[in-house]
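# Architecture and fold: a report
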Amino acid sequence: MWDDAFPSFLIGLREGLEAGLIVSVLIATLVRSGARARLPQVWTGVLAAISLALSFGAVLTFTAASLPATAQEAFGGALSVVAVGFVTAMVFWMRRSARTFSGEIREKVTGALGMGAGMLIVTSFLAVGREGLETALFLWTTARAAGESTGPLIGAGTGLLLATGLCWGLYRRVLHINLTRFFTATGAVLIVIAAGVLGYGLRDLQEGRVLPGGTSYAVDLGGSVDAGAWYSTLVQGVFNLTPTMTWLQVAGYAGYLAIVMTLFLRSAPGWPTETAQKARETKPVRPASARRRPAWVVPVAVVAVPATLAGVAVAVGGSRPAGAQTVAVSETDCGKGFTAPKPGRRTFQLHNTGDRTSEVYLIDPGTGAVYGEVEGLAPGTTRDLAATVAGGTYAWRCVPSTGKAVTSRAVRVTGGGGTTAAVVPVSAADLAAPLTSYKAYVDRGLATLVAQTRRLSDDVGAGHLGAARADWLTAHRTYASLGAAYGTFQDYDQKINGRPDGLPGGVHDKGFSGFHRIEYGLWHGESADELAAPARQLAADAAGLRKAFPTQDFDPGDLPLRAHEILENTLQFELTGDAGQGSGTELATADANLTGTRELLGVLRPLLTSRAPHLLPTVDTDIARLQKLLDSAHHGGSWTPVERLDATTRARLNGATGQLLEDLAPVPDLLEIRKSA
């Protein structure tokens, strides 16, 4: 739990210390001014600020719970970005003001002493309220990122208690702390944590469809990193770095960290120094005695008003769904606490009470159809699952990382009308026929590739470099049309289609081989003698791949993944021109990639039609639009290079590819092989 608690502990400690120091200065100023009788007014303002912060947290929680799933993501993402802005401003403000803010507070209190009880209450309320609102917002975002509230609340509570103790020690002068160094060190750590919150917020905005690029992944270690391992939960809890991150997340995280940390560290020489001065001496101010009121009226009022406003906001925005309930997840207690919810949008809090990471599915026990799922629920953690409940039968299926799957008792929901969209689970057996068909397609393509690369090698050997250029494009398009099998080709893909990126010698590196090596030579004036060996090696590697392919392990789960990933690579490499080595035929490769995608969707069509009948007509329209744009760049035997496209045409190509990617995004989820045992 410490991994989730640490960010909240730090924000509780920092904000608590800031607020505590303000309160200490307020009290010390009144005591030294002989105005002890005015202390209840300070505590009234402080209490009001705390009440406002708690009410603000309640409004955030209940408002988010009442929103649809997509709106929840957008709402949470927006507030995460706002929280990062507040924390960043707070870090820089405290770095500049650590040595001077006590004098500023004393001046405000001195001025308020002569203006009646109300002004002193307002002064203390405003001084502490900002810290309280910042704390509430940041704690809400960190708890949401952690997927559970226990750890963040414990961390924040511990930080606030420690801050209270430190402030008491400073006030009593039994403790000495270099506040400048303290706020500098904690500020640097908070910047790192805020970078993670920003990345998480950007991901939420992508999932809420506010920002694009939700399926363009810069990092995808989901298959090699255990999300439930201690090191994964530690990194994710403290830094909000996940095994899978989009390009926007990575750019936001790295950009924020580089810019803000640089500015923060460079601000050290320019710290303002406070001129030594004594607090202004103020004469004791006699309390006004115009009208006396009960001592409890103002404290009760300032607590009740924010709480009432919070209640009104919750009532207007919609309360937390009545069907919200905590459901236990483990290899023995799957579904414990699950009762029949009322129809409508419901949020279930899934708490893993076992000792193994689990996959959790809300299912129709009759058909096995999945209404919602949570993957990688680690032991001791809690995550929300939102689903729309209609009339029907529901149960939970818990699939631990090791051991057998457990299905809870079923409950019957009546009323509500209509049906709820569910995904019929796919098994490896369901994908067996599509896999067989696609393997046959790849085998035919490899046979063609072997013949084409031999012709390329022969023409290079004979010195017919003009014919070799045409041979190269034909063979490369054949290979590019086999995109769904790249992951199966193992080392052959790097040998046949590897790029020079990352090689010590770049295009001149001895390890640079295959199509792009020959492309570089053919379009950069290399002789036939220089290209003969790479061409022979390419032909040999193509023949070796065809021989090895029948024995290579082709995971059936790769098929739905590749339906999306082929064109992701097209958008990243071909349409940017990054993959080309001089031929200017990136759009020919993109055309071949589209052919491979169309073939793959053809073998998956029966499964997709039964699960999402409206998906394929939309995708077919997208494919036709993109094909038309690619055809317009094809002129006989030549293709317009990407860098020669006008801005409008290039934008249309990128837009059509991006739209097709967005419409293909559901395919991996629809055809995911879900654990059942």
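Residues numbered from 1 in each chain as written. Predicted model: local features only at pLDDT ≥ 70, side-chain atom pairs only at ≥ 80, totals over all residues. Heavy atoms only, no water.

## Some words on the overall build of the chain
The condition is simple: Secondary structure elements follow DSSP: runs of H or I no shorter than four residues count as helices, runs of E no shorter than two count as strands, and numbering proceeds from the N terminus. Buried, partly exposed and exposed residues are distinguished by accessible area as a fraction of the type maximum, computed with a 1.4 Å probe on protein chains only: under 20%, between the cut-offs, and over 50%, respectively. It only takes one pair of heavy atoms within 4.5 Å for two residues to be counted as in contact. Reported accessibility uses the Shrake-Rupley method at a 1.4 Å probe radius. Residues are deemed covered only where the shown protein chains occlude them.
Within the chain, the regular secondary structure consists of 20 helices and twelve strands. Out of the 677 residues belonging to the chain, those deemed buried represent 49%. Pairs at least 24 residues apart make up 76% of the contacts formed inside the chain by residues separated by at least 6 positions. Summed over its atoms, the accessible surface of the chain is roughly 31300 Å², and 59% of this surface lies on carbon and sulfur atoms.

## Considering helix α9 (residues 247-266)
Rules: Every helix has an expected span of 1.5 Å times one less than the residues it contains. What the arc describes is the spread of directions from the helix axis to the C-beta atoms.
Taking 1.5 Å of rise per residue, 20 residues should cover 28 Å, and α9 covers 28 Å from first to last C-alpha, within 8% of that figure. Taken as a whole, α9 has its buried residues at Gln249, Gly252, Tyr253, Tyr256, Val260, Met261 and Phe264. Projection of α9 onto a plane perpendicular to its axis shows the buried side chains occupying an angular sector of 120 degrees, all on one side. Exposed and oriented more than 90 degrees from the buried face of α9 are Ile259 and Arg266.

## Looking at the sheet that holds strand β4 (residues 344-352)
Working definition: the strands of a sheet are paired by backbone hydrogen bonds and lie parallel or antiparallel to each other. Heads up, the condition is: Following DSSP output, two strands are said to pair if at least two bridges run between them. Between the N-to-C directions of two axes lies an angle of 0 to 180 degrees, each axis being a line fitted to C-alpha atoms and, for a helix, fitted only over the stretch in contact.
The three strands are arranged β3-β4-β7 in an open sheet whose pairing can be described as mixed. Both edges of this open sheet fall to β3 (325-329) and β7 (382-389), since each of them pairs with a single strand only. The mean inter-strand angle of the sheet, taken between neighbouring strand axes irrespective of direction, is 35 degrees. Taken together, the eight bridges between β4 and β7 define a ladder with antiparallel strand orientation. Note that in β7 the partner of Gln349 across the bridge is Asp384.

## Considering the state of the cysteines
The condition is simple: In what follows, a disulfide is any cysteine sulfur pair within 2.5 Å.
Across all of its chains, the model carries one disulfide by this definition. Two residues share a disulfide in this structure: Cys334 and Cys398, whose sulfurs sit 2.0 Å from each other. Where Cys334 bonds to Cys398 through sulfur, the torsion about that S-S bond is close to 80 degrees, and the disulfide is right-handed. Of the two residues, Cys334 sits in the loop between β3 and β4 while Cys398 sits in strand β8 (residues 392-400), which places them 64 residues apart along the sequence. The class of Cys398 is buried, set by a relative accessible area of 1%.

## Considerations on the pattern of salt bridges
Under the convention used in this document: Counted as salt bridges are all cases of a side-chain nitrogen of Lys or Arg within 4 Å of a carboxyl oxygen of Asp or Glu.
Tallying each qualifying case throughout the model produces eight salt bridges. The partner of Arg356 in a salt bridge is Asp355, with the nearest N and O atoms 3.8 Å apart. Looking at Asp355, the relative accessible area reads 59%, which means it is exposed. Put simply, Arg517 and Glu526 hold a salt bridge, and the shortest N to O gap is 3.1 Å. With respect to burial, Arg517 and Glu526 carry one shared label: buried. Through salt bridges with shared partners, a single ionic network connects Asp558, Arg562 and Glu565.

## Digging into the confidence of the model for the chain
Should pLDDT be low for a region, the predicted coordinates there are not to be read in detail. Convention followed: Per-residue confidence from the predictor is given as pLDDT, running between 0 and 100.
Of all residues in the chain, 74% have pLDDT values of 70 or greater, and the mean over the chain is 77. Taking the mean pLDDT of every element in the chain, the minimum, 47, falls on helix α10 (residues 297-317) and the maximum, 95, on helix α15 (residues 528-548). Of the regions scoring below 50 in pLDDT, residues 269-291 engages in 21 contacts with residues more than four places distant in sequence or in other chains. Taken together, the stretch residues 309-323 has pLDDT below 50 and engages in 25 contacts with residues farther than four places along the chain or on a different chain.

## Here we look at the pairing of β3
Taken across its five residues, β3 has four buried, putting it largely inside the fold. Bridge count for β3 against β4 is five bridges, and the pairing is parallel. Paired with Gln325 across the strands is Phe348, a residue of β4.

## A look at the environment of Ala590
Its place among the elements puts Ala590 in helix α17 (residues 586-611). Overall, Ala590 belongs to the buried group, its relative accessible area being 3%. Distance from Ala590 to Gln627, taken between C-alpha atoms, is 9.7 Å for residues 37 residues apart in sequence. Not counting residues within four places of it along the chain, the set of residues in contact with Ala590 comprises Thr570, Glu574, Leu575 and Leu630.

## Structural notes on the packing of helix α16 (residues 558-574) against helix α19 (residues 647-664)
Rule in force here: Oblique is the label for every angle not falling under 35 degrees (roughly parallel), over 145 degrees (roughly antiparallel), or within 65 to 115 degrees (roughly perpendicular). Should the near helix be turned counterclockwise from the far one by less than a right angle, the crossing is left-handed, whereas a clockwise turn marks it as right-handed. Any residue outside Ala, Val, Leu, Ile, Met, Phe, Trp, Tyr, Cys, Pro, Asp, Glu, Lys and Arg is labelled polar, Gly included; the first ten of those are nonpolar and the last four are charged.
Interaxial distance between α16 and α19 falls to 9 Å at its minimum, and their mutual angle equals 160 degrees. What the angle tells us is that α16 and α19 run roughly antiparallel. When the axes of α16 and α19 are compared, the crossing they make is left-handed. Facing α16, whose interface residues are Ala563, His564, Leu567, Glu568 and Leu571, α19 presents Asn654, Thr657, Leu660, Leu661 and Leu664. Per-class residue counts for the contact of α16 with α19 are six nonpolar, three polar and one charged.

## Quick notes on the packing of helix α14 (residues 515-522) against α15
Orientation of α14 relative to α15, taken along the N-to-C sense of each, is 155 degrees, at an axis distance of 9 Å. The angle between α14 and α15 falls in the class roughly antiparallel. Where α14 crosses over α15, the handedness of that crossing is left-handed. When α14 is examined against α15, the residues Phe515, Arg517, Ile518, Gly521 and Leu522 are found in contact with a partner set consisting of Glu530, Leu531, Pro534, Ala535 and Leu538.

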